[in-house]
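# Descriptive structure summary
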Amino acid sequence: MMPIISTLCALKLEREATDMQTRKEQEGLVRIFVEEAREDGHPVHISRALAMAAMYFAKQGYYERALAIHEQLQNVYDVLEHSSAMIQLYGYDYAVECFSESVQWYYLVGRHESAERQAEIVIHDHVPLQDQTDIDNMLRIILPVIQVLKLLDRAKDSDLIFKKFIINSFHDHSQESDFWVPLFNPLAYLLEVIKMEEEDRFDHEVLKEMEAWVLDEENGAFHPELERKAHTWMGELCWRLANLREDDDPVRLDLVDRARELLDPVAFSNHQETFLKQLASALLDAL
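One structure accompanies this document, and this report is about it.

This brings us to the overall build of the protein chain. Each helix and strand counted, the protein chain has 14 helices and zero strands in total. N-terminal to C-terminal, the α/β element order of the protein chain is α-α-α-α-α-α-α-α-α-α-α-α-α-α. In terms of overall size, the protein chain behaves like a compact globule, its C-alpha atoms giving a radius of gyration of 20 Å where 287 residues would be expected to give roughly 19 Å. Each principal axis of the C-alpha distribution contributes one length, and for the protein chain these read about 65 × 45 × 35 Å.

Closest axis-to-axis distance for the helix H2 (residues 20–40)/helix H3 (residues 43–59) pair is 8 Å, and the angle between their directions is 160°. With respect to each other, H2 and H3 are oriented roughly antiparallel. Between H2 and H3 the crossing geometry is left-handed. Taking contact as the criterion, the partners of Arg23, Gln26, Glu27, Val30, Phe33, Val34, Ala37, Arg38 and Asp40 in H2 are, on H3, His45, Ile46, Arg48, Ala49, Leu50, Met52, Ala53, Tyr56 and Phe57. Broken down by class, the residue content of the contact of H2 with H3 amounts to 11 nonpolar, two polar and five charged.

On to the pattern of salt bridges, then. Enumeration according to the criterion identifies 19 salt bridges in this entry. The salt bridge involving Arg245 is made with Glu211; its shortest N-O contact spans 2.7 Å. Of this pair, Arg245 sits in the loop between helix H12 (224–243) and helix H13 (250–268) while Glu211 sits in helix H11 (residues 204–215), placing them 34 residues apart in sequence. Ionic pairing is found between Glu236 and Arg240, a salt bridge with its closest N-O pair at 2.9 Å. Separated by four residues within a single helix, Glu236 and Arg240 lie in helix H12, roughly one turn from each other. Judged on exposure class, the residue Glu236 and its partner Arg240 are both buried.

Taken together, Asp131, Asp134, Asp136 and Glu225 make up a surface patch of like negative charges. Within the secondary structure, Asp136 is located in helix H8 (residues 135–149). By relative accessible area, which is 33% here, Asp136 ends up partly exposed.

Further remarks concern the side chain of His45. Mapped onto the secondary structure, His45 falls in helix H3. Side chain to side chain, His45 and Tyr90 meet in a polar contact 2.7 Å long. With residues near it in sequence (within four places) discarded, His45 still touches Met2, Pro3, Ala37, Asp40, Leu89 and Tyr90.

Formed by 94 residues in total, the largest nonpolar core has its most connected members in Trp105 and Ile142. A per-element tally of this core places H3 first, with 12 residues. Other than its neighbours up to four places away in sequence, Trp105 contacts Ala54, Met55, Ala58, Tyr63, Ala66, Leu67, His70 and Cys98.

The tally for this structure, following the rule as stated, stands at eight aromatic pairs. Their ring planes at 85° and their centres at 5.9 Å tell us that Phe162 and Phe184 sit as a pair that is edge-to-face. Residue Phe162 is located in helix H9 (residues 155–172), and its partner Phe184 is located in helix H10 (residues 184–199); the two are separated by 22 residues in the primary sequence. No difference in accessibility class separates Phe162 from Phe184, as the two residues are buried. One aromatic cluster is present, built from ring pairs that chain together Phe162, Phe170 and Phe184.

What counts and what doesn't
Residues numbered from 1 in each chain as written. Predicted model: local features only at pLDDT ≥ 70, side-chain atom pairs only at ≥ 80, totals over all residues. Heavy atoms only, no water. Helix = DSSP H or I, 4+ residues; strand = E, 2+ residues; numbered from the N terminus. Rg over C-alpha atoms; globule rule 2.2 N^0.38 Å. Axes fitted to C-alpha atoms, helices over the stretch in contact; angles between N-to-C directions. Parallel < 35°, antiparallel > 145°, perpendicular 65-115°, else oblique. Left-handed = near helix turned anticlockwise from the far one by under 90°. Contact = heavy atoms within 4.5 Å. Nonpolar A, V, L, I, M, F, W, Y, C, P; charged D, E, K, R; others polar. Salt bridge = Lys/Arg side-chain N within 4 Å of Asp/Glu carboxyl O. Buried < 20%, exposed > 50% of the residue type's maximum accessible area, 1.4 Å probe, protein only. Patch = residues over 30% accessible without salt bridge, like charges linked within 9 Å, V, L, I, M, F, W, Y side chains within 5 Å. Areas by Shrake-Rupley, 256 points an atom, 1.4 Å probe, with all protein chains shown as cover. Lys, Arg positive; Asp, Glu negative; His and termini not counted. Charge placed at Lys NZ, Arg CZ, Asp CG, Glu CD. Polar contact = N/O pair within 3.5 Å; in protein donor to acceptor, adjacent residues only side chain to side chain. Core = buried A, V, L, I, M, F, W, Y, C linked by side-chain atoms within 4.5 Å. Phe/Tyr/Trp six-rings, centres within 6.5 Å; stacked < 30°, edge-to-face > 60°.

The following block contains the structure:
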């Protein structure tokens, strides 16, 4: 019964909670699922329910509450013991996804050491157990970690993780689907610029190529499911490239305008990718 309850809850939670009544109903469903899982007593069911609860509250912007639930999950879930059973019962390891997403929650509440520690757990303990040929799954787990590490002066590590587990894996396993490939350039270019900043060594020819690429509006067209991620990274790329130009440089002004064009919809539209919303808002403030 637990996977059935999980599916019903997930379907209900997909509805955007635009009013208090809907939010109360959704919170009630989450609470019931957790209670039912605890009564059942199986750690895999409890882990699934806690992961759902933590992810739900994070999407509502209640990061401290999400982290408190996640810390309960840490006391129940063991990746070596429970991951295969989670996948068998629920079709996906939602606990691992929650661990990965929590890296961003720790960062957003200012607990940067905890965010970095959690990122290490995901990369060293969880990622090696995943199906390396499943790029969709790998991206869901890897991207939250990369997005935080690059903000913690660890662009080199982010770049290595991205290339090893995503780009190289995609090419090594001859993936038939190229759905995620359009995201590769925006993130790869952004990480390259941040690495230059951290090392204080700039390849100006490469920077000019990036400027031309990001200012070309044709390169801003993405599938709706990918658009917010790509535009946030491209907006950050514009901001970083602009900072390498003189204040009165016309190219700098073009980059700033392009950054605002890309970031405004991410920061101000209604969506549940809360980390991107926060990052886009911070970048707009910096501009």
